[in-house]
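If you want the building blocks of each chain, they are given just below.
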Amino acid sequence: MNFPLWIQNLAIFLLAASMGSAFWFVARSPRWQRATRRFRNDKVGLLSACVISVYLFIGLLDSVQIPAGPHRDRTALDWMFHGIKRERTYSAPLASTSYSATRPQPLEGRHVLGTDVLGKDVLLQTLKACRTALIIGGLTSMIYIPLGTLFGVLAGYYRRWVDDVIQYIYSTLATIPSILLLIAIIMALGKGLPQISIALGVTAWVGLCRLIRGETMRQSQRAYVEAARALGQSHRQIICRHILPNVMHLVIINFILGFSGFVMTESILSYLGVGVPVGTPSWGQMIDSARMELAREPAVWWNLGASACALFFLVLALNLLGDALRRAFDPRGSSVSVSR
Amino acid sequence: MASYLIRRILYMVPIIFGVMVITFVLFFVVQSPTAMAKRILGPKAKPEAIQNWLHNRGYDKPRFINTQPGATWWDSQFVHQMKALATFDLGYSDATGESIARMFRQGAIPSLLITVPSFIFGFLISLSAALFFVFVRDSRTDLFGVILCVAMMSIPIQVYVIFGQWLIAVKTSYLPAFGFYLSGASTIKFLVLPVILYTLADLGGEVRLYRTIFLEEIHQEYVKTAQAKGVSPARVLFVHVLKNGMISIITLVVASLPFLIIGSLVLENFFGIPGLGNLTVNAIRTSDFAVVRTTVYLGSLLYLVGLLLTDICYAAVDPRIRFQ
């Protein structure tokens, strides 16, 4: 991380802009336009899309670096919270003294959601964890979506030995229960965000590959593929121009639903002790540390409450958005198996 | 039927081999046995102690092929591991030295005591709830039900567990908050809360899945025929649709049956139930690679057993499959 600030910030904005333009580009086909029209009338879907954009915005705020002194930079989110000082230990939301029955100490400032055991502001930690969740989800998607789509299309289009080999690989991986495989991979590779993403990617591409393979098989029997073949188009052209655009909506739906799964799995992995490294803000870590806090008398509930709510609303919005997209692309509900 | 099943079993052999290779690569190639020894014996362990530890477990042998003079070529870690797994010689825990087979036998009963009741309750409750939502389909109740299901799916299991324990055991102290003691009827009071929470955590997803399956059935031709003949909507749903939908549901459920023995990692650890889930969590926390390796392998075997049971079910209800 020794790049100048403006390069880092530029990279982040380019990434966001390219994602936006990719959506705009792909949304021009008639099928996508039909789906967009249906989606606009879906109140639940629109609301969840708004919620997700709020999370994306917070994640973006925490990624943009601004200079602060000669040797340290801080993110825009830190800058917004710069007036809030660190306390010594727990304090309840909006309390003026620290959280202790015997010797309450006066606090440095007020905290909307209180502070945790190390005296850090819970609201800031909860918001910072957005970025961790988005990074895990994003990195994992960058690993598993190309893998799953490529292998799925290849297996479904070429059949025969290609299909046999790919099917063997994914049925072997699917045989190992996914939580055990995740644990095994992270134990072998060591803790860390990239390791978690690799592990999640290895387990997640199987479902996508199976889905895309089935849909490719269905599509390649349709008349338009036969017509393309009769016109003398090469296999590569048929795959890129005809098959891929027609399976892309499944990839998007799988991506949205998969994202919610990754956020949930990260929290479970943190509980099991193979989650993100200590010191990285994450909802899983916060929920995990709340285990002992509720048993205190009186209970420390704000840490669990804040992290669980933040996680819940993101996962709920992603699930509802995934469902809404599925309804938009497939109003008759003929492909039930998308989520499984 | 017999030849069909034999074919299915033979098809599993290469998959089991693949699983063995994956576990070997993860635990012997990516993570070298020397690093494993250092993690368990601590950073200050003497080289002799590490050497000794490796030798006792046979981890100091060459990895794939033994090229040393005077040794047979198959005297390697890979061949030994394969042989041990294939003959169910599970070996000993890296951390405590206990026999893994014994640890697993002891853990199976507490795990089953939690998972079997919650499986039965969960199945019955989600089946009835799904039928109810299909009965009132396209109404406000149905929409509310679907959103409730998705909301329940969006809460991670540890939040259910932490909150449930706090609410029922700590706040009201109706039930013990922690612990497990296996002795006849008095065991029940330790089981009630974990069973309730485990059922609850899975409920949303199950109801939604079953609802989708029944909705799929309701658009079939035979439903139209029955309605045209004047069968009441309730009878169509609870007799015709239920029977046909059960075929898909049973085959789904059967595949998950063998996993009941593994139990729940989070729940067992949280309530201190000495089941297989807890065993695995403890193994993760103590870097006990032998136990994790064995759990991965046994989990895969259980998955294959579930697959086989599904195949049997399909073949039993649909004769066409047997002749494919």
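1. Remarks on the overall build of chain A
Point 1. The helix and strand tally for chain A stands at twelve helices and two strands.
Point 2. When the helices and strands of chain A are placed in sequence order, the string is α-α-α-β-β-α-α-α-α-α-α-α-α-α.
Point 3. Looking at chain A as a whole, 42% of its 340 residues qualify as buried.
Point 4. Expressed as a percentage of contacts within chain A between residues at least 6 apart in sequence, the contacts between residues at least 24 apart total 64%.

2. A short note on the overall build of chain B
Point 1. When its secondary structure is counted, chain B shows 14 helices and zero strands.
Point 2. When its helices and strands are written in sequence order, chain B yields α-α-α-α-α-α-α-α-α-α-α-α-α-α.
Point 3. Projected onto its principal axes, the C-alpha positions of chain B cover 85 × 60 × 35 Å.
Point 4. In chain B, which comprises 324 residues, the proportion classed as buried is 33%.
Point 5. In chain B, once contacts between residues fewer than 6 apart in sequence are set aside, the share between residues at least 24 apart is 67%.

3. Looking at unusual backbone geometry
Point 1. Backbone geometry at arginine 159 of chain A places phi at a positive 50 degrees, although glycine is not the residue there.
Point 2. With respect to the helices and strands, the residue arginine 159 of chain A is situated in the loop between helix H5 (122-158) and helix H6 (160-175).
Point 3. Located in the positive-phi region is aspartate 138 of chain B, a residue other than glycine, with phi close to 60 degrees.
Point 4. The topology assignment puts aspartate 138 of chain B in the loop between helix H5 (100-135) and helix H6 (140-153).

4. Description of the confidence of the model for chain B
Regions with low pLDDT carry predicted coordinates that are not meant to be interpreted in detail.
All names here are of chain B.
Point 1. Averaged over every residue, the pLDDT of chain B is 80; the share at 70 or more is 90%.
Point 2. Least confident of the elements in chain B is helix H14 (residues 319-322), whose mean pLDDT is 67; most confident is H6, at 88.
Point 3. For this predicted complex, the interface confidence comes out at an ipTM of 0.83, alongside a pTM of 0.84.

Here is what the cut-offs are and how they apply
- Here, residues in each chain are numbered from 1, in the same order as that chain's written sequence.
- As a convention, the first chain written is A and the first ligand written is 1, with the rest following in written order.
- Restriction of local features to residues with pLDDT of at least 70 applies here, the model being predicted, together with a cutoff of 80 or more for giving and counting side-chain atom pairs; totals for whole chains, interfaces and linings are based on all residues.
- Helix and strand labels come from DSSP, where a helix needs a run of H or I of at least four residues and a strand needs a run of E of at least two; each type is numbered from the N terminus.
- Neighbour density around each residue's C-beta defines its exposure: 20 or more other C-beta atoms within 10 Å make it buried, 12 or fewer make it exposed, and counts between make it partly exposed, where C-beta atoms are placed from the backbone.
- Distance between backbone-placed C-beta atoms decides contact: two residues are in contact if it is within 7 Å.
- On a scale of 0 to 100, pLDDT captures the predictor's confidence in every residue.

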